[in-house]
Amino acid sequence: RRVRWPEWLTILTVAVGLRVAYAWLAVGPGAEPNSDPADYDAIAWNLVRGAGFALDGAAGPYPTAFRPPVLPWLTSLLYRAVGHQYFAAVLLVCVLGGLLPLLLAALGTRVFGASTGRLAGWLAAVHPLLVFFSGYLLTEIPFGVALLLALLLTAEWVKTPRPGRALGAGLAWGIASLTRPTALALPALVAAWAWLPLGLSVSVRGRLYQAAMLALGVALAVGPWTLRNALVLHAFVPVTTGAGQALLDGNNPRVWRDPAVRGGAEESLRMELLRTEHRGLSETELDARARARAVAFLRAHAAEWPAAAAAKLARFWRLRAEAGTTGSWQAEGSPLRRLLRALDPLLLWSAFALPLALWGVAVSLRGPRRWFQSLGLWVILYFSAVAAVFFGSLRMRLPAEPLVVLFVAAGLDDLVRRARARRRGLRLVTRGA
């Protein structure tokens, strides 16, 4: 049975309701942004004031490409309507978070079937990590929405190959890249994955043409922003100027050796450099210097790479809530935060979901549609590889989490089918059994 509109509406209502309730109790209407959310808030308000895509400096707003453009642009549209109210922006993220389960249900229905799609939608609606990150003005939730839309359009394209569908999927991947630049390499991975199933109905020349249309879609979406960066910053910046600095935050002496932060990100070295030898440099120069320093550190400590990567992946796939500014349950000292820290909903979720996710992967890889159903697994592995290079955190993991939920739903659906078959005295037979 396919998901009907009343059920879609119920999933949306539950998902948005949980996220708004958490944001109201954990953040509150009077909250002020800090850290990364403060940057997105400032850029959005500068867009409203006519100062352009800019951050605030000592001498006033200055053009930036340090943050990707989609979230500040969406927030600026909201601020034009309601004024400069940060909590309204948080509620916007809650609404976007409510759309994520619907997109996951649609993707699950297209790739695994209606029952798995329905389960995935409900599980994503109540997933504690997805609810938790709806309380921040950060790119994680909007990027999750954009990523699922791109995956859904990719699945539709591969099911029925058409140049126009390839172009549409490419545009969606470009938008996802403008939401968070870690998606910029994913279209190449998707094109490689699609090559085999496309070959079932399209010639080699046709596959090359459709892959070119996918690339064109990405270029049409990302190109104008890259051109803007070239004109404003006088440098080639495809999306943001933050990759080198993020690489340094995850690869420096302290973060590799201090057990308290090992595998994560630590910015004290970068902040010290900003006060000393990097003082007065432009965004692009800062990023280039930070990248060069990180690469030099990695080359000098090549023998320690495996241990460092293992620590990053352990933090990336940790089963407990993470300490830190975007790993705590907010509302310092509140009864809600004390309760959530005591219960640790992420640990409870992990105990339930991890075995089912592993079972879902095993079932998918044994089935007759294993290549088509492996797309989510490839994307999960991609984000794991990104974490192994940069650093591990719940923020880095969140874009992959809906796809983990999809495999949880696939595993749970398979177990339910087997249980029903046993009750009826039947045996569930899969191809190759």
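The residue numbers shown here count from 1 along each chain, following its written sequence. Two thresholds apply to this predicted model, a pLDDT of at least 70 for residue-level local features and 80 or more for giving and counting side-chain atom pairs, whereas whole-chain, interface and lining totals are computed over all residues. Hydrogen atoms and water are omitted, and side-chain values are computed over all heavy atoms in the structure.

Enquirer: So what exactly am I meant to see when it comes to the confidence of the model for the chain here?
Expert: The predicted coordinates should not be examined in detail at positions where pLDDT is low. Each residue carries a pLDDT value, the predictor's own confidence for that position, ranging from 0 to 100. When the pLDDT values of the chain are averaged, the result is 90; 94% of them are 70 or greater. For the chain, the element scoring lowest by mean pLDDT is helix α16 (residues 335-343), at 70; helix α8 (residues 163-179) scores highest, at 97. Strands here mean DSSP runs of E at least two residues long; helices mean DSSP runs of H or I at least four residues long; both are numbered from the N terminus.

Enquirer: What is the right way to read the nonpolar core from this model?
Expert: Generally speaking, nonpolar side chains in soluble globular proteins are found buried as a group. The criterion is simple. A nonpolar core is a set of buried Ala, Val, Leu, Ile, Met, Phe, Trp, Tyr and Cys residues joined through side-chain atoms within 4.5 Å. Only protein chains enter the calculation, and the probe is 1.4 Å; a residue is then buried if its accessible area is under 20% of its type maximum, exposed if over 50%, and partly exposed in between. Counting residues in each nonpolar core, the largest one holds 101 residues, and the members touching the most others are L107, F133, L151, W173 and F383. Residue contacts for F383: discarding those within four places in its chain leaves F143, L147, T182, L186, F316, P399 and A400. Contacts are assigned to residue pairs that have any heavy atoms within 4.5 Å of one another.

Enquirer: Explanation requested: the packing of aromatic side chains in the structure shown.
Expert: The geometry of an aromatic ring pair is captured by two quantities: the separation of the ring centres and the angle between the planes. Within 6.5 Å between ring centres, the rings of Phe, Tyr and Trp (the latter by its six-membered ring) count as paired, and their orientation is classed by plane angle as stacked under 30 degrees, edge-to-face over 60, tilted in between. Within the structure shown, the criterion is met by 15 aromatic pairs. Arranged with centres 6.2 Å apart and planes meeting at 70°, the rings of W45 and Y79 form a pair that is edge-to-face. With a gap of 34 residues between them, W45 in helix α2 (residues 35-49) and Y79 in helix α3 (residues 70-82) connect regions that are remote in the sequence. Look at W45 and you get partly exposed, because its relative accessible area is 26%. Taken together, the ring pairs in this structure connect Y22, F132, F133 and Y136 into an aromatic cluster. In this scheme, the term charge over a ring applies when either NZ of a lysine or CZ of an arginine sits within 6 Å of the ring centre and within 35 degrees of the ring normal. For R366, the ring lying beneath its charged end belongs to W359, and the centroid distance is 5.8 Å.

Enquirer: How should unusual backbone geometry be read in this particular structure?
Expert: Most of the time, phi is negative for any residue but glycine, and the peptide bond is trans. In this model, S35 sits at a positive phi of 55°, which is unusual for a non-glycine residue. By the element assignment, S35 lies in helix α2. A positive phi angle, near 55°, is found at H234, a position not held by glycine.

Enquirer: It is not clear to me how the pattern of salt bridges should be interpreted in this structure. Could you clarify?
Expert: Once the charged atoms of two side chains with opposite charge are near each other, the side chains can pair. Throughout this description, the term salt bridge denotes a Lys or Arg side-chain nitrogen within 4 Å of a carboxyl oxygen of Asp or Glu. Scanning the entire structure with this criterion turns up 20 salt bridges. A salt bridge links R257 to E304; its shortest N-O distance comes to 3.5 Å. Taken as a pair, R257 in helix α12 (residues 253-257) and E304 in the loop between α14 (283-300) and α15 (305-316) lie far apart in primary sequence, 47 residues in all. Judged by its relative accessible area of 29%, E304 falls in the partly exposed class. A salt bridge links D344 to R320, with the shortest nitrogen-to-oxygen separation between them at 3.6 Å.

Enquirer: It is not clear to me how helix α17 (residues 345-366) should be interpreted in this structure. Could you clarify?
Expert: Count 3.6 residues to each turn of an α-helix, and residues three or four apart come out pointing the same way. Helix span, as expected, comes to 1.5 Å for every residue beyond the first. The end-to-end C-alpha distance of α17 is 32 Å, a good match for the 32 Å that 22 residues give at a rise of 1.5 Å each. At A353, α17 shows its strongest bend, of approximately 35°, with the proline P355 following within four residues. For α17, every residue scored as buried is listed here: P345, L346, W349, S350, A353, L356, A357, G360, V363 and S364. Here the bend at a residue is taken as the angle between two axes, fitted respectively to the seven residues that end there and the seven that start there.

Enquirer: What is the right way to look at the pairing of strand β1 (residues 54-57) in this model?
Expert: Each regular strand displays side chains that alternate between the two surfaces of the sheet. Where β1 lies against strand β2 (residues 60-63), four bridges are found, and the strand directions are antiparallel. What sits directly across from G57, in β2, is G60. Here β1 folds back onto β2 in antiparallel fashion, the turn holding two residues. Strand pairing is assigned whenever DSSP identifies at least 2 bridges connecting the two strands.

Enquirer: When you look at the side chain of T75 in this model, what are you seeing that I'm missing?
Expert: Structurally, T75 is set in helix α3. Residues within four places of T75 in sequence aside, it is in contact with A44, A89, L92 and L137.

Enquirer: Help me understand the packing of helix α7 (residues 140-159) against α8, please; the structure alone is not making it clear to me.
Expert: Helix-helix packing: each pair is described by the crossing angle between the helix axes and the interaxial distance. Close contact between α7 and α8 brings their axes to 8 Å; oriented N to C, the two are set at 165°. Judged by the angle between their axes, α7 and α8 are roughly antiparallel. The interaxial crossing formed by α7 with α8 has left-handed handedness. Contact with α7, carried on its side by P142, F143, A146, L147, A150, L151, L153, T154, E156 and W157, involves R165, A166, G168, A169, A172, W173, A176 and T179 of α8 and no other residues of that element. For the contact of α7 with α8, the residue count by class is 13 nonpolar, three polar and two charged. Note on geometry: axes are C-alpha line fits, over the in-contact stretch for helices, and angles between N-to-C directions span 0 to 180 degrees. We call two directions roughly parallel when the angle between them is under 35 degrees, roughly antiparallel when it is over 145, roughly perpendicular when it lies between 65 and 115, and oblique otherwise. Left-handed describes a crossing whose near helix is turned anticlockwise from the far helix through less than a right angle; right-handed describes the clockwise counterpart. Polar here means any residue other than Ala, Val, Leu, Ile, Met, Phe, Trp, Tyr, Cys and Pro, which are nonpolar, and Asp, Glu, Lys and Arg, which are charged; Gly is therefore polar.

Enquirer: Explanation requested: the environment of E283 in the structure shown.
Expert: Checked against the element boundaries, E283 lands in helix α14. Residue E283 is classed as buried on the basis of its relative accessible area of 14%. Once the C-alpha coordinates of E283 and P63 are considered, the two residues, 220 residues apart in sequence, prove to be 9.7 Å apart. Excluding anything up to four places from it in sequence, E283 contacts Y62, P63, T64, A65, F66, L233 and T241. Here a polar contact is taken to be a pair of N or O atoms separated by no more than 3.5 Å, where protein atoms must pair a possible hydrogen donor with a possible acceptor and residues adjacent in sequence count only if both atoms sit in side chains. A polar atom in the side chain of E283 sits 2.3 Å from the side chain of T64. Side-chain polar atoms of E283 contact the backbone nitrogen of A65, separated by 3.1 Å.

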